[in-house]
Amino acid sequence: MIKLKSKVRVVLFGPPGSGKGTFSSQIKKVLPDIPHISTGDIFRENLKNETPLGLKAKEYMDKGELVPDEVTIDMVGDRLSKEDVKEHGFILDGFPRTLTQTEALTEITEIDLFLLLDVSRDIITKRILGRYSCKNCGEIYNIYTLPPKTEGICDKCGAEIKFEQRSDDNEETLKNRLDTYEKNAKPIIKYYKKKKLMRKINAENTLELTEKDIKKILEV
Ligand code: AMP
């Protein structure tokens, strides 16, 4: 049997709704020990626990704006210094989002791959406005594209689903988030293209990717 590369350091980049979270779950099927580091998830967790970081982030998240670079970079730097990252690498989801964050990441660590998830704006809108999660375990569903196998019952934890929608998954905030993405994305993509680390993948049907496809994309 071919041994997989034990450490992979990958950045998932794409607009909100491009499926970074879903794609991360698929990577974990191939590399189960790899830490999935989502800056959005870390902010939401802090917000839930009402930490000073969470309360600060809320001001920006509610409007669909970016949390200031200093705050975000320190938070990511801290997470990337942990043992599990040293041992298994990482999937970075939602960071970097500005050129300053990109340059800071290069100071913190090398990466092996920058994956650009390419999706049309139409699909993004459907994915985001239809997205909800199980309040009990956090599993993500979509009313249009990803309903639970049995209506009203969570596939993962078996509980009757109490719908929970992200507070920033509404039409007005989404427009802001997409505009912010478009404004910042170009220089970041150019940066990684120049370093020959950029790879673009069609992310409209990532759920159909097999483990073999994922291995090929990750070059493991
Ligand atoms: P996400 O779950 O990746 O869509 O992120 C949700 C929100 O968290 C974003 O709209 C931002 O307000 C904030 N956020 C997440 N990642 C970053 C980042 N790298 N830089 C600044 N703000 C971020």
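Higher on the page you've got the structure.
Before going into details, it helps to say that this report is about the structure given with it.

On to the pattern of salt bridges. Considering all chains together, one arrives at 16 salt bridges under this definition. Between Lys82 and Asp78 there is a salt bridge, with the nearest N and O atoms lying 3.7 Å from each other. Judged by relative accessible area, which is 37%, Lys82 ranks as partly exposed. The class of Asp78 is partly exposed, set by a relative accessible area of 45%. Among the ionic pairs, Arg177 bridges to Asp169, the shortest N-O distance being 3.1 Å. Through salt bridges with shared partners, one network takes in Arg131, Arg166, Asp168, Asp169 and Arg177.

As a further point, take unusual backbone geometry. If a residue is not glycine, its phi is most likely negative; likewise, a peptide bond is most likely trans. The omega angle of the peptide bond from Phe95 to Pro96 is 0 degrees, so this bond is cis rather than trans. Looking at where Pro96 falls in the secondary structure, it is placed in the loop between β3 (89–93) and α6 (99–108). Positive phi is not limited to glycine here, since Glu50 has a value of about 50 degrees. Considering the arrangement of structural elements, one finds Glu50 in the loop between α2 (39–48) and α3 (52–61). Of the residues examined, Glu50 reaches a relative accessible area of 59% and is grouped as exposed. For Lys196, which is not glycine, the phi torsion reads 60 degrees and is therefore positive. Residue position: Lys196 is located in the loop between α8 (171–194) and β8 (198–202).

Our focus in this paragraph is the layout of surface pockets. Quantified by volume, the second largest pocket comes out at close to 240 Å³. Around the second largest pocket, the lining is made up of 15 residues, and of these Pro15, Leu116, Asp118, Val119 and Tyr181 lie nearest the centre. The leading source of residues in the lining of the second largest pocket is α8, at six residues. When grouped by side-chain class, the residues that make up the lining of the second largest pocket number 10 nonpolar, no polar and five charged.

With that out of the way, let us pick up helix α4 (residues 69–80). Compared with an ideal rise of 1.5 Å per residue, which puts 12 residues at 16 Å, α4 spans 16 Å between its outermost C-alpha atoms and is within 8% of the ideal. Along α4, the residues classified as buried are Asp69, Val71, Thr72, Ile73, Met75, Val76 and Leu80.

Here we take up the sheet that holds strand β2 (residues 36–38). Read from one edge to the other, the open sheet built from five strands follows the order β2-β3-β1-β4-β8, with strand pairing classed as parallel. What marks the edges here is a single partner per strand, and that holds for β2 and β8. Neighbour-to-neighbour, the strand axes of this sheet turn through a mean angle of 25 degrees, independent of strand direction. Where strand β1 (residues 8–13) meets strand β4 (residues 113–118), four bridges bridge the pair, whose relative direction is parallel. Paired with Leu12 across the bridge in β4 is Leu115. Running at roughly 160 degrees to β3, helix α1 (residues 20–30) makes contact with β1, β2, β3, β4 and β8 of the sheet. Together, β2 and β3 form the strand contacts of α2, whose direction differs from that of β2 by roughly 70 degrees.

Before going further, it helps to examine the pairing of β1. By the criterion of burial, β1 is predominantly enclosed, with six of the six residues buried. Burial of the side chains of β1 extends over both faces: Val8, Val10 and Leu12 are buried on one face and Arg9, Val11 and Phe13 on the other. Looking at chain direction, β1 and β3 are connected through five bridges and run parallel. Its bridge partner lying in β3, Val11 is registered against Leu92.

Looking now at the packing of aromatic side chains. To describe a pair of aromatic rings, one takes the distance between the centres and the angle between the planes. Summed over all chains, the structure comprises six aromatic pairs. Their ring planes at 40 degrees and their centres at 5.5 Å tell us that Phe13 and Tyr181 sit as a pair that is tilted. Here the residue Phe13 occupies a position in strand β1, and Tyr181 occupies one in helix α8, the gap between them amounting to 168 residues. Ring geometry for Phe114 against Tyr192: centres 4.3 Å apart, planes inclined by 15 degrees, an arrangement best described as stacked. Of this pair, Phe114 sits in strand β4 while Tyr192 sits in helix α8; the two residues are 78 residues apart in sequence, bridging distant segments of the chain. With relative accessibility at 2%, the residue Tyr192 sits in the buried group. Put simply, the rings of Phe13, Phe114, Tyr181, Tyr191 and Tyr192 pair up and form one aromatic cluster. One Lys or Arg, Lys126, reaches over the ring of Tyr144 and ends 5.7 Å from the middle of that ring.

The rules behind the values
- Residues numbered from 1 in each chain as written.
- Predicted model: local features only at pLDDT ≥ 70, side-chain atom pairs only at ≥ 80, totals over all residues.
- Heavy atoms only, no water.
- Salt bridge = Lys/Arg side-chain N within 4 Å of Asp/Glu carboxyl O.
- Buried < 20%, exposed > 50% of the residue type's maximum accessible area, 1.4 Å probe, protein only.
- Helix = DSSP H or I, 4+ residues; strand = E, 2+ residues; numbered from the N terminus.
- 1 Å grid on protein atoms, 1.4 Å probe; cavity = no way out; pocket = protein on both sides within 12 Å on 5 of 7 lines; lining within 4 Å.
- Points joined across faces, edges and corners; volume = space filled by probe spheres on them.
- Nonpolar A, V, L, I, M, F, W, Y, C, P; charged D, E, K, R; others polar.
- Expected span 1.5 Å × (residues − 1).
- Pairing = 2+ DSSP bridges.
- Axes fitted to C-alpha atoms, helices over the stretch in contact; angles between N-to-C directions.
- Contact = heavy atoms within 4.5 Å.
- Phe/Tyr/Trp six-rings, centres within 6.5 Å; stacked < 30°, edge-to-face > 60°.
- Lys NZ or Arg CZ within 6 Å of the ring centre and 35° of its normal.

On their own, these measurements won't tell you what the molecule is for.
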